[in-house]
Amino acid sequence: MPTRNDGRTADELRPVMFQRGFAANAPGSVLVSAGNTVVLCTASVSDDVPPWMAGKGKGWVTAEYNMLPGSTSPRKPRDRKKVDGRTTEIQRLIGRSLRAVVDQQRLGERMVTVDCDVLKADGGTRTASITGAYVALYDALLSCEDLSPEGTWPLVDSVAAVSAGVVGGRVLLDLDYSEDSAAEVDMNVVMTGSGKFIEVQGTGEGGTFTGEELQGLLRAAEAGIQQLTEKQQQSLNGA
């Protein structure tokens, strides 16, 4: 089987690392890297919930996403006045993905905001953000005195995400930028640690794809997310 430009096989993830507690002022933070993509995820907890949820005894998890100017070449301008459409789409995806594994009743009337800031972008920034955001969310919830994994705990599962694509007629897992920009088909898959799908985003960028190719992409993504889930748990168990 031919290797890719970084030496990986078709079904191999980029090296993944989690550095927890990276930002001292946030109750939950992690610097997550997937190859040359690096994202800082921080999670903050407040007693303020959105107005439409006030008095319902339920909490909320939301996310913000940003690519710092030096994360790409050429420089990415800052979003000073209006968040662009791609940024809005990604931060909504991150928020949906996290809420899918949170029991809002157990969370109580508090809001967790997870910020995902891309420091280096080499493909897969949204999937790395989701995978890191879960770890930051976990640590932020640990900081709440009335929440504990041994007692009342709002996380009902874990969540991770990965990309897959068809490049040069081959199904590849975890695309870097050079592969993503050349892909005939590009897919982002979000799943729980127990193997349930949260979201699948698949697009024929340079052509169409068959049902057989779709199944191959999903199988590759499932296997990748199983590995990411194990890496998340190893990081959290190392506390």
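What counts as what
Position labels on residues start from 1 in each chain and follow its written sequence. The predicted nature of this model means local features are confined to residues of pLDDT at least 70 and side-chain atom pairs, given and counted, to a pLDDT of 80 or more, with totals for whole chains, interfaces and linings taken over all residues. Side-chain measures here rest on the full set of heavy atoms in the structure, leaving out hydrogens and waters. UniProt positions are given in the numbering used here, feature names are shortened, and annotations may be inferred rather than shown by experiment. Criterion used throughout: strands pair if DSSP finds at least two bridges between them. Secondary structure elements are defined from DSSP: runs of H or I of at least 4 residues count as helices, runs of E of at least 2 residues count as strands, and each element is numbered from the N terminus. Axis lines are fitted through C-alpha atoms, for helices just across the contact stretch, and the angle between N-to-C directions can take any value from 0 to 180 degrees. It only takes one pair of heavy atoms within 4.5 Å for two residues to be counted as in contact. Only protein atoms enter the calculation, which uses a 1 Å grid: trapped sets of points that fit a 1.4 Å probe without letting it out are cavities, open sets showing protein on both sides within 12 Å along at least five of seven lines are pockets, and any residue with an atom within 4 Å of a point is a lining residue. Here's how the labels work: a residue is buried when its accessible area is under 20% of the maximum for its type, exposed when over 50%, partly exposed in between, all with a 1.4 Å probe on protein chains only. Any pair of N or O atoms that falls within 3.5 Å is considered a polar contact. Within protein, one atom must be able to donate a hydrogen and the other to accept it, and sequence-neighbouring residues count only if both atoms are side-chain atoms.

- With an unreviewed UniProt entry as reference, the chain is termed Ribonuclease PH, source organism Aeoliella straminimaris.
- In UniProt, the chain has this text filed under Sequence similarities (unreviewed entry): "Belongs to the RNase PH family."
- For the chain, the Subunit (unreviewed entry) comment in UniProt is given as "Homohexameric ring arranged as a trimer of dimers."

1. Concerning the sheet that holds strand E7 (residues 170–173)
Thought 1: Taking strand neighbours across the sheet as the criterion, the four strands line up as E7-E6-E8-E9 in an open arrangement whose pairing is antiparallel. This sheet does not close on itself; its edge strands, each paired only once, are E7 and strand E9 (197–204). For this sheet, the mean inter-axis angle between neighbouring strands, taken without regard to orientation, is 15 degrees.
Thought 2: Where strand E6 (residues 159–167) meets strand E8 (residues 185–192), eight bridges bridge the pair, whose relative direction is antiparallel. Residue pairing in the sheet places valine 162 in a bridge with valine 189 of E8.
Thought 3: In the packing of helix H1 (residues 85–99) onto the sheet, the strands contacted are E6, E8 and E9, and the crossing angle to E9 comes to about 150 degrees.

2. A short note on the UniProt feature "binding site: phosphate" (unreviewed entry) in the chain
Thought 1: Taking the numbering used here, the UniProt-annotated feature "binding site: phosphate" (unreviewed entry) corresponds to Arg86, Gly124, Thr125 and Arg126. Judged by maximum C-alpha separation, these annotated positions cover 41 residues in sequence but sit close together in space, the widest gap being only 13.5 Å. From the list above, the largest cavity is lined by Gly124.
Thought 2: With respect to the helices and strands, the residue glycine 124 is situated in the loop between strand E5 (111–120) and helix H3 (125–142).
Thought 3: Discounting chain neighbours no more than four positions away, the residues touching glycine 124 are Arg14, Thr37 and Leu175.
Thought 4: With respect to the helices and strands, arginine 126 occurs in helix H3.
Thought 5: Aside from chain neighbours lying at most four places away, what touches arginine 126 is Arg86, Glu89, Ile90, Leu93, Asn188 and Gln201.

3. Overview of the side chain of aspartate 174
Thought 1: Within the secondary structure layout, aspartate 174 lies in the loop between E7 and helix H4 (177–182).
Thought 2: You can call aspartate 174 buried: its relative accessible area is 4%.
Thought 3: A polar contact is formed between the side chain of aspartate 174 and the backbone nitrogen of arginine 14, at a distance of 2.9 Å.
Thought 4: When sequence neighbours within four positions are dropped, the list of residues in contact with aspartate 174 reads Arg4, Arg8, Glu12, Leu13, Arg14, Val162, Ser163, Ala164 and Glu179.

4. Regarding the UniProt feature "domain: Exoribonuclease phosphorolytic" (unreviewed entry) in the chain
Thought 1: The sites that carry the UniProt feature "domain: Exoribonuclease phosphorolytic" (unreviewed entry) are, in the present numbering, residues 12–140 and 158–223.
Thought 2: For residues 158–223, the end-to-end C-alpha separation is 15 Å, with 29% helix and 44% strand making up the annotated structure.

5. Considerations on the sheet that holds E5
Thought 1: In space, the five strands of this open sheet follow the order E1-E2-E3-E5-E4, with mixed pairing throughout. With partners counted over all chains shown, the strands left at the sheet margins are strand E1 (16–20) and strand E4 (60–67), one partner each. Mean inter-strand twist for the sheet, computed between neighbouring axes without regard to direction, equals 20 degrees.
Thought 2: Sheet topology places strand E3 (residues 37–46) next to E5; nine bridges connect them, and they run antiparallel. When the sheet's bridge partners are listed, valine 45 is paired in E5 with valine 112.
Thought 3: Sitting on the sheet, H3 is in contact with E1, strand E2 (28–34), E3, E4 and E5, with an inclination near 35 degrees to E3.

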